[in-house]
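Coordinate inspection notes
One-letter residues, chain by chain:
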Amino acid sequence: MAHLEVLDLYSCQGGATRGYKLAGFTSVTGVDKDPQPRYCGDEFHQHDAIAYVLENLDEIRRRYAFIHASPPCQFDSDCQRIMRNDHPDLIGPTREALELTGLPYVIENVGGAVPKLRDPVELCGTMFGLQTYRHRYFEAGGGFSFQAPEHPEHAARQVKMGRSPRPGEFIQAIGNFSGVGIVRDDWGVHWMNRDGIREAIPPAYTEYIGRQVISHLNQEQTA
Ligand SMILES: C[S@@+](CC[C@H](N)C(=O)[O-])C[C@H]1O[C@@H](n2cnc3c(N)ncnc32)[C@H](O)[C@@H]1O
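Residues numbered from 1 in each chain as written. Predicted model: local features only at pLDDT ≥ 70, side-chain atom pairs only at ≥ 80, totals over all residues.

1. Looking at the overall build of the protein chain
Helix and strand counts for the protein chain come out as eight helices and seven strands. In summary, the protein chain has a C-alpha radius of gyration of 17 Å against a globular reference of 17 Å for 223 residues, a match within 12%. Referenced to the eigenvectors of the C-alpha coordinate spread, the extents of the protein chain come out at roughly 50 × 40 × 35 Å. Here the protein chain holds 223 residues, and the buried ones make up 40% of them. A separation threshold of at least 6 residues defines the contact pool for the protein chain, and within that pool the share at least 24 residues apart is 57%. (Helix = DSSP H or I, 4+ residues; strand = E, 2+ residues; numbered from the N terminus. Rg over C-alpha atoms; globule rule 2.2 N^0.38 Å. Buried ≥ 20, exposed ≤ 12 C-beta atoms within 10 Å, placed from the backbone. Contact = placed C-beta atoms within 7 Å.)

2. So, helix α1 (residues 15-23)
Every α-helix carries 3.6 residues per turn, so stepping three or four residues along brings you back to the same face. The buried count for α1 comes to seven of nine residues, which makes it a mostly enclosed element. Buried within α1 we find Gly15, Ala16, Thr17, Arg18, Gly19, Tyr20 and Lys21. In this structure, the buried side of α1 is in contact with β1 (5-9), β2 (27-32), β4 (66-69), β5 (105-109) and α8 (203-222). A positive phi of about 125° marks Gly24, the residue just after α1.

3. Things to note about the sheet that holds β5
As a general point, the strands of a sheet are linked pairwise by backbone hydrogen bonds and lie either parallel or antiparallel. With mixed pairing, the seven strands of this open sheet are ordered in space as β3-β2-β1-β4-β5-β7-β6. Each edge of the open sheet is held by one strand with a lone partner, namely β3 (43-46) and β6 (121-123). Put simply, the sheet's adjacent strands are angled 20° from each other on average, direction ignored. As paired elements, β1 and β2 share five bridges and run parallel to each other. Bridging from a neighbouring strand, Asp8 pairs with Gly30 of β2. Each of β1, β2, β4 and β5 touches α1; the most contacted strand, β2, lies at about 170° to it. Helix α5 (residues 91-101) contacts β4, β5 and β7 (136-141) of the sheet and is inclined by roughly 170° relative to β5. (Pairing = 2+ DSSP bridges. Axes fitted to C-alpha atoms, helices over the stretch in contact; angles between N-to-C directions.)

4. Digging into the nonpolar core
Val6, Leu9, Tyr64, Phe66, Ile67, Ala69 and Tyr105 are the most contacted members of the largest nonpolar core, which has 48 residues in total. Considering every element that reaches this core, the biggest residue donor is α8, with five residues. (Core = buried A, V, L, I, M, F, W, Y, C linked by C-beta atoms within 7 Å.)

5. Remarks on the site of the ligand
For the ligand, the set of nearby residues contains 19 residues, the closest of which are Tyr10, Cys12, Gly15, Ser70 and Ala200. Looking at the shell around the ligand, the elements with two or more residues in it are α1 and β2. A per-class count over the shell around the ligand returns nine nonpolar, five polar and five charged. (Near = placed C-beta within 6 Å. Nonpolar A, V, L, I, M, F, W, Y, C, P; charged D, E, K, R; others polar.)

6. Notes on unusual backbone geometry
Its identity is not glycine, yet Tyr10 carries a phi of approximately 60°, on the positive side. Residue classification places Tyr10 among the buried residues on the basis of 23 C-beta atoms within 10 Å. Here the phi dihedral of Cys12 falls at roughly 50°; this positive angle occurs in a residue that is not glycine.

7. Considering the environment of Leu22
As for its placement among the helices and strands, Leu22 is situated in helix α1. The class of Leu22 is partly exposed, set by 16 C-beta atoms lying within 10 Å. When residues no more than four places from it in sequence are discounted, the contact partners of Leu22 are Pro203 and Glu207.

8. Let's talk about the pairing of β2
Most of β2 sits inside the fold, with five of its six residues counted as buried. Looking at chain direction, β2 and β3 are connected through four bridges and run parallel. Looking at the pairing, Thr29 lines up with Glu43 of β3.

9. Some words on the packing of α1 against α8
Relative orientation of the contacting elements α1 and α8 amounts to 45°, with a least axis distance of 7 Å. Here α1 is positioned oblique relative to α8, judged by the angle of their axes. Where α1 crosses over α8, the two elements pack in a sense that is right-handed. Within the contact between the two elements, α1 uses Gly15, Ala16, Arg18, Gly19, Tyr20, Leu22 and Ala23 and α8 uses Pro203, Ala204, Tyr205, Thr206, Glu207, Gly210, Arg211 and Ile214. (Parallel < 35°, antiparallel > 145°, perpendicular 65-115°, else oblique. Left-handed = near helix turned anticlockwise from the far one by under 90°.)

Structure (structure tokens):
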């Protein structure tokens, strides 16, 4: 396989990054506006994500095979809306920057952002045998598309906030959740602290997407 690099915008501690590495990408570069000393990828730039793309368009087109973007979801999540959070909506401007690169991409977000995403694909932890539902939505673009696996029925109860999970209960990794160690084991994110987990997507989601990106890129090459 050729040398395949991913650019992970809004990387945080690298939940998405880890999945692309597991899928077989050789290197992942993270970009986040905050320092991320726990970032698990190969290279990191502390920078505004959109400005990073616009300032480095030629290098990005040359170097990367695929771009992942997880613009902050606080603007769209119900709890933050109740708290009148004023995080800017970055989905539209992020898409515009991604389209300028001409590269295949996904934009990931939470349920509240679905109306802003184009034909989003829903992923759920149960599709990958995880003990969490954590629905996340992925807009694919730049010539790439993919389908979700079958969605198993939600049979497990979710643990109530502030209580440790009982056997068989699913964790909601939001707010000041209990069970960081359980989530680390379940998702395979042992380098993350609670702050990183709260923001992250389970690597299994991007491992699944990444494998399909690689077969898309292989098909493009042989076409
Ligand atoms: C939802 S988290 C991303 C989680 C990540 N995909 C993962 O799986 O671990 C969003 C991240 O965007 C970062 N962020 C917010 N605004 C940004 C901006 N304008 N430029 C770059 N990063 C930004 C935040 O610091 C936060 O780490």
